[in-house]
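# Structural description and commentary
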Amino acid sequence: MPDPFLIGEAIICGYGDANILHGCTISVEKGEIAVIVGPNGAGKSTAMKAIFGLLTLREGSVHLGGQDISTLTPPDRVAAGMGFVPQTHNVFPSLTVRENLEMGAYLCPQNIEDRIEQLARLFPILKERSRQPAGELSGGQRQQVAVARAMMTQPQVLMLDEPTAGVSPILVQELFAKVQEIAAAGIAVLIVEQNARQALSFAHKGFVLVQGKNRFTGTGQDLLDDPDVRQSFLGG
Amino acid sequence: MRMDTDTGMGRPFWLALAMAMALVAVGVLQSWNVAMAILNLQLISALMALGVNIQWGYGGLFNFGIMGFTALGGLAAVLVAMPPVAEAWAVGGRGMATAAVTMAGTAAAIWALHRLIKVKALRGPAMALVFVVGLALTRSFYSPSVAAIEAVDPSVTGFLGGLGLPIMVSWLAGGALAAAVAWVIGRITLGLQSDYLAIATLGISAALVAVLRNEDWLARGVKNVTTLPRPVPYEQDLQGQDWFVDLSVRVGMDPSLLSGIAVKALYALLFGSVLLVLFWLSHRALHSPWGRMMRAIRDNRDAAEAMGKDVTRRHLQVFVLGSAVVGIAGAMLVTLNGQFTPASYAPFRYTFLIWVMVIVGGSGNNGGAILGGFLIWFLWVQAEVGGPWLMTLLTSGLQEDAPLRQHLLNVAPHMRQLVMGCILLVVLRLSPRGLLPEPRGRHGLAQQRNGTEHS
Amino acid sequence: MEPPPHPSPVDSNVVDTQAVDTKAETKRPPAPWRRPLWIAVGVALGLAVLSMVSRDGGGIDLLNALVRFANFVVIPGISYGCQLGLGALGVTLIYAVMRFSDFAHADTMAFGAMGVILATRVLQGMGISAGPLPTALLALPFGILGAVTLALVFDRAVYRFYRRQRAAPVTFVIASIGAMFVTNGLVRLIIGPGDQRFADGDRFIIRVQTFKEMTGLSEGLALRTTHVITLVVAVMVVLGLFVFLNRTPLGKAMRAYADNEDLALLSGINPERVALWTWIIAATLATIAGTLYGLDKSFKPFTYFQLLLPIFASAIVGGIGKPLGAIAGGFVVAFSEIAFTYPYRKILGYLGFETDSLVQLLSTDYKFAVCFIILVVVLIWRPRGIFQGRVI
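Treat the numbers as computed from the prediction; the structure is a model and nothing was measured.

## Quick look at the overall build of chain C
When you go through chain C residue by residue, the secondary structure sums to 17 helices and two strands. By residue count, 55% of the 392 residues in chain C fall in the buried class. Contacts spanning at least 24 positions in sequence make up 75% of the contacts within chain C whose residues lie at least 6 apart. Carbon together with sulfur atoms contributes 67% to the accessible area of chain C, which is approximately 16,300 Å² in total.

Following this line, the structure appears as structure tokens:
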């Protein structure tokens, strides 16, 4: 079996003296949506940060397209083809929507117009509000800008840390639909999500983390059907 | 950074010893008079640093208004120790009282309007109107009274005078005056976060000193009060005493020299005891439950607030206490100088230099602040002497009258600003918590936790 | 959670032209400049009413009063406001990007101005002049070079260490006090503590006498070269800065970094580059402000140190971290200082109120007190300043 496109393998890391992740493995293929779910404090966001390089690995490795990227800094990983949307503070509030997108493409400012044009087809708000400061947008709109900002580098992997936090339920549907469109374009998507049931329903792959370790791994539907997973994490 | 182990007893002792040796060296090499003069100002500087450390080290308050409180202490010395000028009171006392009443009335009216008028658009203009009218009314009483007071024998008095009490009383009064003003200022500004507080207090101190410089009726302004009484005998009086002449013969020293040293030593004794008492009090306070709470607030304000501590109130307490200590030092300084010269209060000397003392000495540690006061004052004085010496050495290759040499020699005393800045930056970089860091963990929360485990 | 919409100085010019839905438009609080506008209208109306009410025996002379007001309050106020605004712009930029109040900024102004003075002397010695304009304008690049070098040395030697440590803002403030001592010491060592005059060229564009002859009024209006230069240079610099911040990738990156440091790092914005350019711009602004102030008044290290307070007041009054706020704050502080300490007796005389008193609200020495009062009033009632800057 060939190596997965993006894989964080046997990761051990944490803050201060304590380890949060105890050898967990996350992987995602191109065009696939992988969702990390699990109870609070299981290390979901930590796993995301470890893969993106915001935390130093104590053990384990991260490979992207067969290359070992474990020692790259986050900006270098962006250059290598990763896009990351933090959970909070994920836009520049006093910059306009358009300037936010420009900052997304700060490292590779070529044919920026084409890319904005492309993204605007996915997120019409980018055109409608292009001159408004991002800080004045509603939560859902801001999340769209945040995703678009991360997409400006034309990444091969898009990582979303709890993208639906603070977004109204109707807009959650819409946001997930956009994410599916992004994946359909051949991009690997990795999501950390509180909304486990909804996320698993469209995910190609799901990772259930408990106390920093992989507990269950399978396709989204498998996990939804698994009685153990349902009982423990999806509330029956 | 593990410095706690070697700060137990050794480091303070050796640093203090080195400081004492340096003073002795000045005494031997320059003169004992100079050494004693330095010592006296070191004691006062240490006291000021102690006051700032109470605010910054205990409470994390960024007070850049030290100059103002020092000046208030000085004002207290004048208001307590100078004899009252009856004539000035007679011509202007009533007018000043009326002006005070109208001023208070204006303030009250503005406050009432702020409370009563609900329509926002009206509130501003109404308050502005009352302010202007009140100001005009106050000035109409104030200006003629001031003119009358200042006309009373302007070359000697021209002010209301003081209470005519012994000048040592003014040390307490200086503390009280500084504390009272600090309370008012604290009420206004302590809600502000660090940088704003620093800037606001810097502004207040500038405003306070502007008042002292301009209100001649209060303490003669820039005409200075130069005839303050002394708590110690005058040199000439000592020289006239037979026992003193005998003593000087026995010591083998010129009476005039010995009298200067003796007077300075008496001052040093007085200042030293005040410093000791206040050091002891603040040490006790720091290690009381109150002190622990203060440091808890400083280290984690949010947690302390969540535990129900009234943080702003505590901050007001340390602000007032620290300012009182600075006020006492200010009164002592004027006592030592024998004169009150408002124009001499400059933020460099009286605010930022004291901060250098606290940071270099060790914020949070009273002993450190005091050491910083001694050390930095010593360097500040010696850099003024050392600068020209260094420049003479550096430029000795040049012609005697070369313009560059002349210029460098002229400006050499200003080396000390440069030296102070470099010391501050180097200490901040290499030992960010100062030469005598606050012993953390020994009296902190960790210690308490360990203590309960043992018991 | 929706943050309160705040008019940002950067977008205010574009928002209006853009089709934003009307709801959002009406929710927005009144534009920050409306209040000063109303005050100005009020003052004008008041003057008009005064001129009608006080008509006793035709002793009223509104034109002369206005000319005197312009000569002693408006023109000096504009000039001083520009100087303060440029200084505050530097403070506010440093705050926005590096998140600390730079107490060394006033001394950086003195250092830059000192470089200009020294270069002016050299140029004068070589017989080079700018004709009717002060030679200092030609010397400006040298002063800027000096101040930028100094700022970068400090950044490399001092601030970068703490930036990498992500030290608390207070550490930066204390370090900036160290930098203040060093800069101050350097200025005194190099040029001495004394007064320096370095303005040359034509002193006046319009002389009092000429104005009187031209208009036949008893009050004269003097338009000094330095006032006009201050205004022109300040407008050019501010426009340039705004174009830089809003149009160039680097300027946008600086704003992005000021907005959200972590996200800026993720986007690949190099913090060292942002810091470098912030210092370059701040030192340039400081030199220009210092030179303009020195041309207008005179150069004295201690006076520059005293500018620290009005500069901070301007930055805070305008809303710290907001460039447009710094300019507005500069004008508010400058006009308040002058308006509160100017004796109005003669103006009132022209308006028909003869009095013996000077009608001066506060003695000139209280200009710091005015500064401080504005500061406190703003901090208490509008802690984020006119333009809703950051809360420190």
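Back to the write-up after that little detour.
## Some points on helix α18 (residues 415-430) of chain B
The α-helix advances 3.6 residues per turn, and as a result positions three or four apart in sequence lie on the same side. Taking 1.5 Å as the rise per residue, α18 of chain B with 16 residues should run 22 Å; its terminal C-alpha atoms sit 22 Å apart, in good agreement. If you check which residues of α18 of chain B are buried, you get Met-415, Arg-416, Gln-417, Leu-418, Met-420, Gly-421, Ile-423, Leu-424, Leu-425, Val-427 and Leu-428 of chain B.

## Structural notes on the nonpolar core
Counting 290 residues, the largest nonpolar core has Leu-47 and Phe-64 of chain B together with Leu-86, Phe-103 and Phe-299 of chain C as the members making the most contacts within it. The biggest single contributor to this core is helix α2 (residues 32-59) of chain B, with 16 residues. When residues of this core are assigned to domains, at least three map to each of domain 1 (38-84 + 161-245 + 256-440) and domain 2 (87-160) of chain B. If we skip the residues at most four places from it in the chain, Phe-103 of chain C touches Phe-64, Ala-198, Ile-199, Leu-202 and Phe-352 of chain B together with Val-173, Ser-176, Ile-177, Met-180, Leu-308 and Phe-312 of chain C. Judged by nonpolar contacts, the second largest core, of 48 residues, contains Ala-120, Leu-137, Val-189 and Ala-196 of chain A.

## Some points on a nonpolar patch on the surface
A cluster of nonpolar side chains, namely Trp-183, Val-184 and Ile-188 of chain B together with Ile-373, Val-377, Ile-380 and Trp-381 of chain C, defines an oily patch on the protein surface of about 650 Å² accessible area. Elements with a minimum of two residues in the nonpolar patch: α6 (169-189) of chain B together with α17 (367-381) of chain C. Take the nonpolar patch: its biggest share by element is four residues, from α17 of chain C. Here Val-377 of chain C is to be found in helix α17.

## So, the sheet that holds strand β5 (residues 67-68) of chain A
Residue and element names in this part refer to chain A. Spatially, four strands are ordered β2-β1-β4-β5 in an open sheet, and the strand pairing comes out antiparallel. This sheet does not close on itself; its edge strands, each paired only once, are β2 (21-28) and β5. As paired elements, strand β1 (residues 6-13) and strand β4 (residues 59-64) share five bridges and run antiparallel to each other. In the sheet register, Gly-8 faces β4, and the bridge partner there is Val-62. Along the sheet face, helix α1 (residues 44-52) touches β1, β2 and β4 and points at about 115° away from the line of β1.

## Examining the sheet that holds strand β8 (residues 188-192) of chain A
Residue and element names in this part refer to chain A. If you walk across this open sheet you meet the six strands as β6-β7-β8-β3-β9-β10, and the pairing is mixed. Where the open sheet ends on each side, the last strands, each with one partner, are β6 (82-85) and β10 (213-218). Between one strand axis and the next, the sheet turns through 15° on average, direction left out of account. Here strand β7 (residues 157-161) pairs with β8 via five bridges, running parallel. Looking at the pairing, Asp-161 lines up with Val-192 of β8. The strands touched by helix α6 (residues 139-151) within the sheet are β6 and β7, with β6 carrying the most contacts at an inclination of about 160°. On the sheet, helix α7 (residues 169-184) packs against β3 (33-37), β7 and β8 and is oriented at approximately 150° with respect to β8.

## A closer look at the pattern of salt bridges
Tallied over the entire structure, the rule returns 21 salt bridges over all chains. The residue Asp-299 of chain B makes a salt bridge to Arg-298 of chain B at a minimum N-O spacing of 3.0 Å. Its salt-bridge partner being Arg-164 of chain C, residue Glu-272 of chain C comes within 3.9 Å of it at the nearest N-O pair. On the criterion of sequence distance, the pair formed by Glu-272 of chain C in helix α12 (residues 271-296) and Arg-164 of chain C in helix α6 (residues 136-165) is long-range, its members being 108 residues apart. The exposure class of Glu-272 of chain C is buried, given its relative accessible area of 17%.

## A look at the side chain of Thr-106 of chain B
Residue and element names in this part refer to chain B. With respect to the element layout, Thr-106 can be found in helix α4 (residues 86-116). Engagement of the side chain of Thr-106 in a polar contact is seen with the backbone oxygen of Thr-102, the distance being 2.7 Å. In this structure Thr-106 touches Val-130, Phe-131, Gly-134 and Thr-138, once residues within four positions along its chain are discounted.

## Observations regarding unusual backbone geometry
Residue and element names in this part refer to chain C. Of note, Arg-99 is a non-glycine position whose phi angle comes to about 65°, a positive value. Judged by relative accessible area, Arg-99 falls into the partly exposed class, the value being 23%. Phi at Arg-166 takes a positive value of approximately 55°, unusual for a residue other than glycine. When its relative accessible area of 52% is taken as the criterion, Arg-166 is described as exposed.

## As for the interface of chain C and chain B
On the chain B side, the residues contacting the 53 residues of chain C number 47 residues. Taken together, the connections running from chain C to chain B amount to seven residue pairs in polar contact (both at pLDDT 80 or more). Mapped by element, the contributors of at least two residues to the side of chain C that touches chain B are α6, α7 (169-191), α14 (308-318) and α17 of chain C. The element contributing the most residues to the side of chain C that touches chain B is α7 of chain C, with 18 residues. Across the side of chain C that touches chain B, the residue classes tally to 42 nonpolar, eight polar and three charged.

Calculation notes
- Residues numbered from 1 in each chain as written.
- Chains lettered and ligands numbered in written order.
- Predicted model: local features only at pLDDT ≥ 70, side-chain atom pairs only at ≥ 80, totals over all residues.
- Heavy atoms only, no water.
- Helix = DSSP H or I, 4+ residues; strand = E, 2+ residues; numbered from the N terminus.
- Buried < 20%, exposed > 50% of the residue type's maximum accessible area, 1.4 Å probe, protein only.
- Contact = heavy atoms within 4.5 Å.
- Areas by Shrake-Rupley, 256 points an atom, 1.4 Å probe, with all protein chains shown as cover.
- Expected span 1.5 Å × (residues − 1).
- Core = buried A, V, L, I, M, F, W, Y, C linked by side-chain atoms within 4.5 Å.
- Domains from an automatic or database assignment.
- Patch = residues over 30% accessible without salt bridge, like charges linked within 9 Å, V, L, I, M, F, W, Y side chains within 5 Å.
- Salt bridge = Lys/Arg side-chain N within 4 Å of Asp/Glu carboxyl O.
- Pairing = 2+ DSSP bridges.
- Axes fitted to C-alpha atoms, helices over the stretch in contact; angles between N-to-C directions.
- Polar contact = N/O pair within 3.5 Å; in protein donor to acceptor, adjacent residues only side chain to side chain.
- Nonpolar A, V, L, I, M, F, W, Y, C, P; charged D, E, K, R; others polar.

Honestly, it's all geometry; don't read function into it.
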